[in-house]
Amino acid sequence: MTNKVELEIKGLNFYYSGDIHALKNINLTIHNKSVTALIGPSGCGKTTLLRCFNRMHDLYPKHRYEGEILFRDNNLLANGNDLIKLRSRIGMVFQRPTPFPMSIFDNVAYGLRLKGIKKKSDLAERVEKALKHAALWDEVKNKLTASAYDLSGGQQQRLVIAVPLPSNRKSFFLMSPPLLSIRYRRRK
Amino acid sequence: MVRPVGHFSGWAGAAALSIIMIPVVLRTTEDMLSLVPWTLREAAFALGSPYYKVIIQVVYRGAATGIFTGILLSIARVAGETAPLLFTAFNNSFFSYNMNGPMPSLTVSVFQYAMGPYDDWHAQAWAASLVITLFILFITITGRLLIKWRYKQ
C-alpha cells in the first residue's frame, strides 16, 4: 500500500554562491506517513537537499535554485512564497544540537509563541506533550526552568527535536542527520 | 555643550563621559554578537521566526552576558576619567544635585586635593581614591552576581 505523495522533487538543481553546482538534477518522491532516509558519504549534499525544503538557503543571497519542489501540490521554490509561514510549517532539526539560550521550557515554547499561542495553561500542556514525544519529559520534568545548556549533548538533541514538534504536528517534519548523537530508543 | 550654554554643567560632563564609553561598548558588543553561532540563528529561522525576533529573542539573549560585562567595564573605565570633566562638569567644592550647574566629581577632587598644600587635603584625596576603587569593585561584583543569578533561575 502506498500513501499519498507528500513531497515531489522535480529536476532540482542547486548552486552555492560562486556557481558551485551542488545538487544536480534531483528527482525524488516522498510519501505521506513514511520514513525516508537519505544516505550518502559526507559532503554529498544530503543536508543541502534538506535545507532546500524549508528554504534555509535563502538566508544567503547568492545561493540559487532551479527546478521544483512540490509540497502538497504547492511549489516551495516559487518566488512569492512567504518564507516565515513556510518555515513554520516545515520543521527542521540540525546536525548539532542548537538549543536557544533560554530555559528548557522556553525553548520548547518558542515555536508555540511564534504561532501566537500565549495562554500559560495551553503552553504548559503542549510543551509537556512535545517533550514526551521526544522522550525527554521524564528527565527534565523537575527542572523545566533550568538553562537548556545544563543538559547533556544527547538530551540537548532531543530537546531541539521537541522544539518544532508542537507547532508542526500535522505538517511535514524533517531532520538533518541529528540522530547520531542520540542513544536511540524505540517508542512504544 | 559648555560653549553654547555658556556655563559648566553636570549634563555636559555626563555627555562627555558617555561619548567616551561608546567605542568600548561598541567593540565588546560587536564581538559578543559575532560569537553567537550561525547555527543558532539558523535554528531560529528554521522555526519560521522573522528576522527581528531572531535578533531580539535569540541573538541578544545569547550575547547578553557579554554585552552587560562590556557596559560595566566601560562604566568602570569612565569612572576614572578626569580630563574631560575639567572642561565640562568643572568642579564644585560643595555637594550639589543641580545637574545644570558645575558638578563635583571624585576624580577631579582627587586631582585638586592632591595638588593642594595641606596634609589633610592629601588625606582626603587618598580617601576619595579609595571610594572610587570601592565603587568600581562594587559595580563589578554586582555585575557578576546579576549574571549568575540570571542563569540560575
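Residues numbered from 1 in each chain as written. Chains lettered and ligands numbered in written order. Predicted model: local features only at pLDDT ≥ 70, side-chain atom pairs only at ≥ 80, totals over all residues. Heavy atoms only, no water.

Draft legend 1. Looking closely at the overall build of chain B. Scanning chain B from N- to C-terminus turns up seven helices and zero strands. Across chain B, helices and strands are ordered from the amino to the carboxyl terminus as α-α-α-α-α-α-α. Expressed as a percentage of the 153 residues in chain B, the buried residues total 35%. A fraction of 61% describes how many contacts in chain B between residues 6 or more apart in sequence connect residues 24 or more apart. Element-wise, carbon and sulfur atoms account for 71% of the exposed surface of chain B, whose accessible area totals about 9700 Å². (Helix = DSSP H or I, 4+ residues; strand = E, 2+ residues; numbered from the N terminus. Buried < 20%, exposed > 50% of the residue type's maximum accessible area, 1.4 Å probe, protein only. Contact = heavy atoms within 4.5 Å. Areas by Shrake-Rupley, 256 points an atom, 1.4 Å probe, with all protein chains shown as cover.)

Draft legend 2. Summary view of the sheet that holds strand β1 (residues 5-16) of chain A. Residues and elements named next belong to chain A. Read from one edge of the open sheet, four strands run β2-β1-β3-β4, paired in antiparallel fashion. Lying at the two open borders of the sheet, with one neighbouring strand each, are β2 (20-31) and β4 (74-75). As defined by bridge partners, β1 adjoins β2 across eight bridges and the pair is classed as antiparallel. Following the sheet pairing, L7 is matched in β2 by I30. Most of the contacts of helix α1 (residues 46-53) go to β1, to which it runs at about 115 degrees, and overall it touches β1, β2 and β3 (64-71). (Pairing = 2+ DSSP bridges. Axes fitted to C-alpha atoms, helices over the stretch in contact; angles between N-to-C directions.)

Draft legend 3. Structural detail: the pattern of salt bridges. In the structure shown here, the tally under the stated rule is 10 salt bridges over all chains. Here R55 of chain A makes a salt bridge to D58 of chain A, at a shortest N to O gap of 2.8 Å. One salt bridge connects R27 of chain B with D31 of chain B, and the closest N-O pair in it is separated by 3.3 Å. Here D31 of chain B and R27 of chain B lie together in helix α2 (residues 10-35), a separation of four residues that amounts to about one turn. By relative accessible area, D31 of chain B is classed as partly exposed at 30%. Among the charged side chains, a salt-bridge network with shared partners connects D19, R64 and E66 of chain A. (Salt bridge = Lys/Arg side-chain N within 4 Å of Asp/Glu carboxyl O.)

Draft legend 4. Geometry of the confidence of the model for chain B. Overall, the prediction assigns chain B a mean pLDDT of 82, with 95% of residues at 70 or greater. Looking across chain B, the model is least confident in helix α1 (residues 2-5) of chain B, with a mean pLDDT of 70, and most confident in α2 of chain B, with 87. (pLDDT = per-residue confidence, 0-100.)

Draft legend 5. Up close: empty space enclosed by the protein. The full count for this structure, using the stated rule, is two cavities of 30 Å³ or more. In terms of lining residues, the largest cavity is bounded by M92, V93, F94, T98, P99, F100, N107, V160, V163 and P164 of chain A together with A43 and L47 of chain B. Taken together, the residues of the lining of the largest cavity break down into 10 nonpolar, two polar and no charged. (1 Å grid on protein atoms, 1.4 Å probe; cavity = no way out; pocket = protein on both sides within 12 Å on 5 of 7 lines; lining within 4 Å. Points joined across faces, edges and corners; volume = space filled by probe spheres on them. Nonpolar A, V, L, I, M, F, W, Y, C, P; charged D, E, K, R; others polar.)

Draft legend 6. Representation of the side chain of H63 of chain A in the model. Its location among the elements puts H63 of chain A in the loop between α1 and β3. Discounting chain neighbours no more than four positions away, the residues touching H63 of chain A are F14, Y15, Y16, S17 and H57 of chain A.

Draft legend 7. A look at the packing of aromatic side chains. Under the counting rule described, the total for this entry stands at seven aromatic pairs over all chains. With a centroid separation of 4.9 Å and 85 degrees between ring planes, the pair formed by F14 of chain A and Y16 of chain A is classed as edge-to-face. What makes F14 of chain A buried here is its relative accessible area of 0%. Grouping aromatic residues by their ring pairs yields a cluster made of F14, Y16 and Y65 of chain A. Across from the ring centre of Y15 of chain A, 4.2 Å away, lies the NZ or CZ of R64 of chain A, which sits over that ring. Stacked on the ring of W38 of chain B, the Lys or Arg R41 of chain B has its end atom at 5.1 Å from the ring centre. (Phe/Tyr/Trp six-rings, centres within 6.5 Å; stacked < 30°, edge-to-face > 60°. Lys NZ or Arg CZ within 6 Å of the ring centre and 35° of its normal.)

Draft legend 8. Quick peek at the nonpolar core. Residues L7, L12, I69 and F100 of chain A are the most contacted members of the largest nonpolar core, which totals 37 residues. Within the residue set of this core, elements represented by two or more residues are β1, β2, α1 and β3 of chain A together with α3 (38-46) and α4 (51-79) of chain B. Counting 20 residues, the second largest nonpolar core, distinct from the first, contains L112, V127, A130 and L159 of chain A. (Core = buried A, V, L, I, M, F, W, Y, C linked by side-chain atoms within 4.5 Å.)

Draft legend 9. Region of interest: the interface of chain A and chain B. Across the contact, 23 residues belong to chain A and 19 residues belong to chain B. Together, the buried faces of chain A and chain B total about 1900 Å²; carbon and sulfur atoms form 67% of this surface. On the chain A side of the contact with chain B, P101, Y110 and L114 of chain A bury the most area, a combined 28% of that side's loss. Summed over the shared surface of chain A and chain B, the result is four residue pairs in polar contact (both at pLDDT 80 or more). When contributions to the side of chain A that touches chain B are tallied by element, the ones reaching two or more residues are α2 (83-89) and α3 (104-114) of chain A. Of the residues forming the side of chain A that touches chain B, the biggest block, three residues, is contributed by α2 of chain A. Residues of the side of chain A that touches chain B, tallied by class, amount to 17 nonpolar, four polar and two charged. (Buried area = accessible area lost by both parts, 1.4 Å probe. Polar contact = N/O pair within 3.5 Å; in protein donor to acceptor, adjacent residues only side chain to side chain.)

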